Amino acid sequence: MSDNNRFAQFKLVLLGESAVGKSSIVHRFVKNTFDNMRESTIGAAFLTQTITLPESNTTIKFEIWDTAGQERYKSLAPMYYRNANAALCVYDITSRSSFNKAQDWIKELKKQAPEGIVICLVGNKLDLENEREVDQQEVIEYVQELNQENDNVILSECSAKNGEGVLDIFNKIGRALPVEEVINGANNRSRQVGSRKPGVNLSRQQNQPQSSNCC
Amino acid sequence: MSSFHRAERRKSVAERSPSVSYAPDTIPQLAGLEKPQEHNLHIGECDVLVMGTGLVESVVAAALSWQGVDVLHIDNKTCYGDSNSTLTIEQVKSWCQEVNSGRIQHFEDAQVYVTGDIYHPQSKFKSKDYGIDLTPKIMFAQSDLLSLLVKSRVYKYLEFQSLSNFHIFENDSFSTKFANASSKEEIFTDQSLSLLTKRYLMKFLKFVLEDNNDEDKRKTLADNAKVTIYDFLSQKFNLETSQINELIYSIGLCIKPTTKTPEAIARIRRFLVSFNVYGNFPVLVSKYGGPGEISQGFCRSAAVAGTTYKLNTALTDYDPQLKLAKFSDKSSIKINEKLIVAPTQIPKFLQSSYNEITESLKKVNISRLVVIVKKDCKEWMADQECSAMVVFPPESLNSQNKTSIQALIQNGGTGVCPPGQSIWYLTSFEQDSIKAKQDLQCAFEKMESSILRESSDLDDVLDENLSVNKSGTSLVVNSVKLGKSLQNFVPKETLEIICKFGFTQKTYVLNDLSNVINPTDENNVSLRKTKDCEDIIFTNMPSSEISYDGIVKECKTIYQAITGSDDDFFDVDFEDDDEFNPAGFHQQPTTSSSNLKTSDNDMAIASSDDEDNAHPFGADEMEL
């Protein structure tokens, strides 16, 4: 296709306590909508959205996996973390405990997720600034500490409700991802980029099976 | 907490007959569950409680959930999959301990050996680099579970690879006569066969592929209902033992020579009709693990539809009058409809009911030997593939095996182990478990010597036999490739084993799946009635079947027992809005917004072939 546009696809997983707004951030990002009443809805599989990094003329497609509530009782399946390139670890800036939980999730990620995963610690509900319980400076210090241990943690704040800072999160992640490596196919062993489905594509049958009894 | 919690409770079954109390404390704490977000379930009620995250239970949970049923899905273990789990080496070790201490019903005699390497801090390989299936399975390209994976969109969580090579062991060597074919017809056109044999084979192929409603075919099958497939093939089609073995054990994956003709023909047919559905191979395997991985996919689907998940939780008590369930986390929840209980999850107070139900049923033993070796075994696999099947027909081993041994081999390319290694899953259907072990060991040794022979490359031979001159080189290469003629060639190399793991599993599903395909309240655990509690439905232990056949039928049987009909089983139209790509990247610009596919039911899937095959994954399925 377009030769001068470069493309890479990455899997991004969401983590964080229930009701911090994980899905809302994604919906704001993917559909640019916010539904106050939403509980936790996602599609049958996962959402995708692309961003373009103009400086490197690269299009990045995010395949975004929501927890589907399986995080509530710590029952996320290994499948969830598998081959994840980035994780959005979300807390609610108006909830101290949600920030503590986010730190637990970061520890969990180090155990379960692939090495080199890009973690973005996101404080949501920036629109409720006057109810803030989590001090930004504290978060900065925490992240600095993590990154001294060679972690790949970036941080951000946003409001899924009014959209502030949401796109910025994904742009930051996009710039932190090993795009060059992936485009150059260096990492082709584990599934990356367009080699996402190197195997058999079940949505594409070769010939018409007998079961084509459509009305 | 729910109001039921406060209600005055009547004494439950367990309380009325106090025996040994169920002790959830014995369940080991594994990583990931040490700091639960919530300790106790915070829901007041649900419609259906599903216990056990095995494949059937997971599909049922998803099916119910998508129909709007409120499902709570728990497992007494800390990982997904239950009897279908895909385990790491560490998990295998603790699983074996659990089995041998009698804590996991229907499994016994677990043995495990793990090389010390894995624990070495500097070791390149870690326990979690391995995904070992308790029930290894292969999926035919034309099969009901595969259709369900597509229909339910669960395939999107998974990756599939092809498997083409089916080897059969005969006369003390492996042959792959029918493998590597690119069409159904080619399967039967091996050059080494005589013209006459080819003609008989083509006649047989035609018979098998004939429509199942064809009068003549039906009559032939009915007439031969009691005839063994061996006799049928030799008498009606004049085939010789070598071809018959290949047809029965390799293509048909039957397990004994006495398999009756109709069953065997159905098995052979499923292989042939699976050819060229997704390519010139009959079978698929899921990456990173088989049923364990697919279970996780359905659990995720169920979660998306609203099912609540909580691992490491057991039912400790159930009051059938109040319909109140109590759990090991001390929570209590009202169950409005039914409880689905996997046989590995049976609480003490339900044990006698289960025993009663299963008393008169025939028990089937399945013995497995799993060996992880430091070889990728690519010699056995087709080009670009990472899996292969090896079958040992009855009487082919020195141990005089009465039933066949089926072996699935998967290397690092399937994500179940590191590169350069492979997992060999050997299954025996011998009912005498001591004999089964001998057969398995015997088959393993045959595979071991075969792979050493075949993989000893020229350089090794040259290094060890410096006297071999250049002119002799090509000869050596050829004979190494032939394998058979080098039978007595003993390589210096030995096979490095990383892990060896064996166990016996019991099930009430018969080997021919007859009590799953035609279940009655006489023959199937799920339909048998419990005396003291009508709300309980037990599921079956996994069958001995190497394919996924029977799984969907089992799910529908349970689904029907709950909802009264399986008409709306996974009757869901998914909008594939997740594949909507606003940038139009990777697509033809014209398909980006107007190519409306309103619903993705059966019809859409079937008609997807009309689309340009060059389109990337899902590009034609757009958001409204």
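Worth saying up front: this structure is predicted, and the values here are computed from it rather than measured.

Draft legend 1. Geometry of the sheet that holds strand β16 (residues 387–392) of chain B. Residues and elements named next belong to chain B. The 8 strands are arranged β4-β19-β15-β18-β17-β16-β8-β9 in an open sheet whose pairing can be described as mixed. Unpaired on one side and paired on the other, β4 (107–114) and β9 (173–175) mark the two borders of the sheet. Along the sheet, successive strands turn relative to each other by an average axial angle of 20°, direction set aside. Both β16 and strand β17 (residues 405–411) contribute to a ladder of 6 bridges, which runs antiparallel. What sits directly across from V391, in β17, is Q406. Here helix α4 (residues 89–100) sits on the sheet in contact with β4, β15 (364–373) and β19 (497–507), set at roughly 140° to β4.

Draft legend 2. View of the sheet that holds strand β3 (residues 58–65) of chain A. All names here are of chain A. In spatial order, the strands read β2-β3-β1-β4-β5-β6; together these 6 strands make up an open sheet with mixed pairing. Each end of this open sheet is capped by a strand with a single partner; those strands are β2 (47–53) and β6 (153–157). Ignoring strand direction, the axes of neighbouring strands in this sheet form an average angle of 25°. With respect to the sheet, helix α1 (residues 22–31) is in contact with β1 (6–16), β2, β3, β4 (86–92) and β5 (118–124), its orientation differing from that of β2 by roughly 55°. Here helix α3 (residues 96–112) sits on the sheet and contacts β1, β4 and β5; the angle it forms with β4, its principal contact strand, is near 160°.

Draft legend 3. Summary view of helix α4 (residues 136–148) of chain A. Residue and element names in this part refer to chain A. The end-to-end C-alpha separation of α4 is 19 Å, in line with the 18 Å expected for 13 residues at 1.5 Å each. Of the surrounding secondary structure, the elements contacted by the buried residues of α4 are β4, α3, β5 and β6. Just downstream of α4 lies N150, where phi reads positive at about 70°.

Draft legend 4. Main features of the confidence of the model for chain B. Residues and elements named next belong to chain B. Here chain B shows a mean pLDDT of 81. Residues at 70 or above account for 77%. Low pLDDT (under 50) marks residues 1–37, which in the prediction has 73 contacts with non-local residues, meaning those over four places away or in another chain. Segment residues 577–624: pLDDT under 50, and 96 contacts once partners within four positions in sequence are set aside and those in other chains are kept.

Draft legend 5. Quick look at empty space enclosed by the protein. All names here are of chain B. Tallied over the full model, the rule gives 10 cavities of 30 Å³ or more. Size it by volume and the largest cavity reaches roughly 100 Å³. As for the largest cavity, its lining consists of 15 residues, and the residues nearest its centre are E57, N84, N540, M541 and P542. For the lining of the largest cavity, the secondary structure elements donating two or more residues are α3 (55–66) and α18 (551–563). In terms of residue count, α3 provides more of the lining of the largest cavity than any other element does, 3 residues in total.

Draft legend 6. Spatial organisation of the pairing of β2 of chain A. All names here are of chain A. Among the 7 residues in β2, 6 count as buried, and that is most of the element. Bridge count between β2 and β3: 7 bridges; the pairing is antiparallel. Opposite Q49, over in β3, you have F62 as the bridge partner. Hairpin connection, β2 to β3: the antiparallel pair is bridged by 4 residues, and N57 has positive phi, about 50°.

Draft legend 7. Focus on the packing of aromatic side chains. All names here are of chain B. Counted according to the given criterion, the structure contains 28 aromatic pairs over all chains. With centroids separated by 5.1 Å and ring planes inclined at 75°, the aromatic side chains of F166 and F271 adopt a geometry described as edge-to-face. Of this pair, F166 sits in strand β8 (residues 166–170) while F271 sits in helix α11 (residues 261–274), and the two are 105 residues apart along the sequence. Each member of the pair, F166 as well as F271, is classed as buried. Consider the rings of F232 and F237, whose centres lie 5.6 Å apart with planes at 65°: the pair is edge-to-face.

Draft legend 8. Local environment of unusual backbone geometry. Residue and element names in this part refer to chain B. Positive phi outside glycine occurs at N312, with the angle close to 55°. Along the chain, the position of N312 falls in the loop between β11 (308–310) and β12 (315–319). Accessibility expressed as a relative area gives 18% for N312, which makes it buried. Phi at C377 takes a positive value of approximately 55°, unusual for a residue other than glycine. Using a relative accessible area of 0% as the deciding quantity, one classes C377 as buried.

Draft legend 9. Quick peek at a positive patch on the surface. Residues and elements named next belong to chain B. Among the surface-exposed residues, K226, K256, K260 and K362 lie close enough to one another that they form a single positively charged patch. Note on placement: K256 falls in the loop between α10 (241–251) and α11. Classification of K256 as partly exposed rests on a relative accessible area of 34%.

Draft legend 10. View of the domain arrangement of chain B. Residue and element names in this part refer to chain B. Taken domain by domain, chain B holds domain 1 (1–15 + 41–88 + 287–361 + 510–577) and domain 2 (114–129 + 364–505). With 11 residues of domain 1 at the interface, the matching set in domain 2 holds 13 residues. Summing the contributions of domain 1 and of domain 2, the shared interface buries around 960 Å²; its carbon and sulfur component is 62%. Its largest share of buried area at the contact with domain 2, domain 1 owes to T88, S544 and I546, together 45% of the area lost on that side. Linking domain 1 with domain 2 are 0 salt bridges, by the criterion used here. Across the domain 1-domain 2 interface, the total number found is 3 residue pairs in polar contact (both at pLDDT 80 or more). Considering only residue class, the side of domain 1 that touches domain 2 consists of 5 nonpolar, 5 polar and 1 charged.

Draft legend 11. Geometry of the packing of helix α5 (residues 144–151) of chain B against α18 of chain B. Residues and elements named next belong to chain B. The interhelical angle for the contact between α5 and α18, taken along N-to-C directions, is 65°, at an axis separation of 8 Å. With respect to their mutual orientation, α5 and α18 come out roughly perpendicular. Mapping the contact onto sequence places D144, L145 and L148 in α5 and I551, V552 and K553 in α18. Tallied by class, the residues present in the contact of α5 with α18 amount to 4 nonpolar, no polar and 2 charged.

Draft legend 12. The nonpolar core, seen in detail. The biggest cluster of nonpolar side chains holds 114 residues, and the ones touching the most others in it are L88, L121, F170 and I173 of chain A together with F298 of chain B. At 8 residues, α3 of chain B tops the list of elements feeding residues into this core. Among all residues touching L121 of chain A, those that are not within four sequence positions of it are C89, Y91, F99, A102, I106, V139, Y142, V143, V153, I154, L155 and S156 of chain A. Among the nonpolar cores identified, the runner-up in size contains 63 residues, and V92, V208, V285 and M389 of chain B belong to it.

Draft legend 13. Just the pairing of β6 of chain A, in detail. Residue and element names in this part refer to chain A. Of all 5 residues in β6, 4 are buried; the element is thus mostly enclosed. Where β5 lies against β6, 5 bridges are found, and the strand directions are parallel. Pairing of V122 across the sheet is with S156, part of β6. For the segment spanning β5, α4 and β6, crossover handedness is right-handed.

Criteria and cut-off values
Residues numbered from 1 in each chain as written. Chains lettered and ligands numbered in written order. Predicted model: local features only at pLDDT ≥ 70, side-chain atom pairs only at ≥ 80, totals over all residues. Heavy atoms only, no water. Pairing = 2+ DSSP bridges. Helix = DSSP H or I, 4+ residues; strand = E, 2+ residues; numbered from the N terminus. Axes fitted to C-alpha atoms, helices over the stretch in contact; angles between N-to-C directions. Contact = heavy atoms within 4.5 Å. Expected span 1.5 Å × (residues − 1). pLDDT = per-residue confidence, 0-100. 1 Å grid on protein atoms, 1.4 Å probe; cavity = no way out; pocket = protein on both sides within 12 Å on 5 of 7 lines; lining within 4 Å. Points joined across faces, edges and corners; volume = space filled by probe spheres on them. Buried < 20%, exposed > 50% of the residue type's maximum accessible area, 1.4 Å probe, protein only. Phe/Tyr/Trp six-rings, centres within 6.5 Å; stacked < 30°, edge-to-face > 60°. Patch = residues over 30% accessible without salt bridge, like charges linked within 9 Å, V, L, I, M, F, W, Y side chains within 5 Å. Areas by Shrake-Rupley, 256 points an atom, 1.4 Å probe, with all protein chains shown as cover. Salt bridge = Lys/Arg side-chain N within 4 Å of Asp/Glu carboxyl O. Lys, Arg positive; Asp, Glu negative; His and termini not counted. Charge placed at Lys NZ, Arg CZ, Asp CG, Glu CD. Domains from an automatic or database assignment. Buried area = accessible area lost by both parts, 1.4 Å probe. Polar contact = N/O pair within 3.5 Å; in protein donor to acceptor, adjacent residues only side chain to side chain. Nonpolar A, V, L, I, M, F, W, Y, C, P; charged D, E, K, R; others polar. Parallel < 35°, antiparallel > 145°, perpendicular 65-115°, else oblique. Core = buried A, V, L, I, M, F, W, Y, C linked by side-chain atoms within 4.5 Å. Right-handed = clockwise from strand over helix to strand, strands pointing away.

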